[in-house]
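Next come the chains, spelled out residue by residue.
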Amino acid sequence: MFRREIKILFLVLALMLVPMHQAKAIDPITIAILAPVALQLANAARPYVIRGLVNLGKGLLRVGKDVIELVFLPYGLLKMTVGAPFGGFRSGLVYTLRGGIAIGKMVFHILILPIVMFGINFNT
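Residues numbered from 1 in each chain as written. Predicted model: local features only at pLDDT ≥ 70, side-chain atom pairs only at ≥ 80, totals over all residues. Heavy atoms only, no water.

(A) Quick look at the packing of helix H3 (residues 72-82) against helix H4 (residues 89-111). Their axes nearest at 7 Å, the elements H3 and H4 cross at an angle of 155°. As the angle between them shows, H3 and H4 are arranged roughly antiparallel. The element H3 and its partner H4 pack so that their crossing is left-handed. Where H3 abuts H4, its residues Phe 72, Leu 73, Tyr 75, Gly 76, Leu 77, Lys 79 and Met 80 lie against Phe 89, Ser 91, Gly 92, Leu 93, Tyr 95, Thr 96, Arg 98, Gly 99, Gly 100 and Ile 103. In terms of residue class, the contact of H3 with H4 is made up of nine nonpolar, six polar and two charged. (Axes fitted to C-alpha atoms, helices over the stretch in contact; angles between N-to-C directions. Helix = DSSP H or I, 4+ residues; strand = E, 2+ residues; numbered from the N terminus. Parallel < 35°, antiparallel > 145°, perpendicular 65-115°, else oblique. Left-handed = near helix turned anticlockwise from the far one by under 90°. Contact = heavy atoms within 4.5 Å. Nonpolar A, V, L, I, M, F, W, Y, C, P; charged D, E, K, R; others polar.)

Pasting the structure below:
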């Protein structure tokens with residue numbers, strides 16, 4: 001236990017000695033020269049940024065649908081346990097499986113969000 005604390009302390013001290021990147025100020029003349037160029041680039045990139053945000057919104061709607069389907073998991077477990085004497089075991093099992101599949105779908109949809117932003121659509 002004591003060796004672990006020494007290792008952690010040594011790691012923290014070593015990370016404190018690593019030089020950090022220093023921010024450097026840009027003079028106002030350089031900013032005045034580069035501002036029109038930056039505005040032209042921003043105007044040129046605007047349609048692509050908007051398209052990416054729209055695609056990201058579509059992907060987030062898929063993730064939201066999967067989050068809502070996650071409710072089936074506890075509902076199915078409850079129906080399997082409490083509703084078993086009343087014939088609810090089979091339907092509870094179906095809901096539990098739907099909720100379990102929703103977890104996998106949600107993880108998949110979250111992992112492909114950066115790809116969906118570029119307009120590549122996975123028919124899921």
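(B) Expanded view of the packing of helix H2 (residues 28-69) against H4. Between H2 and H4, whose axes approach to 8 Å, the crossing angle comes to 160°. One element, H2, and the other, H4, form an angle in the roughly antiparallel class. Once H2 is placed against H4, the crossing between them reads as left-handed. Seen from H2, the contacting residues are Arg 62, Val 63, Lys 65, Asp 66, Val 67 and Glu 69; seen from H4, they are Gly 99, Ala 102, Lys 105, Met 106, His 109 and Ile 110.

(C) View of the packing of aromatic side chains. Under the criterion given, the structure shown has two aromatic pairs. On the basis of an interplanar angle of 5° and a centroid distance of 5.4 Å, the ring pair of Phe 72 and Tyr 95 is categorised as stacked. Taken as a pair, Phe 72 in helix H3 and Tyr 95 in helix H4 lie far apart in primary sequence, 23 residues in all. Through a chain of ring-to-ring contacts, the aromatic side chains of Phe 72, Tyr 75 and Tyr 95 assemble into a single cluster. Above the face of the Phe 72 ring, Arg 98 is positioned so that its terminal group lies 4.1 Å from the ring centre. (Phe/Tyr/Trp six-rings, centres within 6.5 Å; stacked < 30°, edge-to-face > 60°. Lys NZ or Arg CZ within 6 Å of the ring centre and 35° of its normal.)

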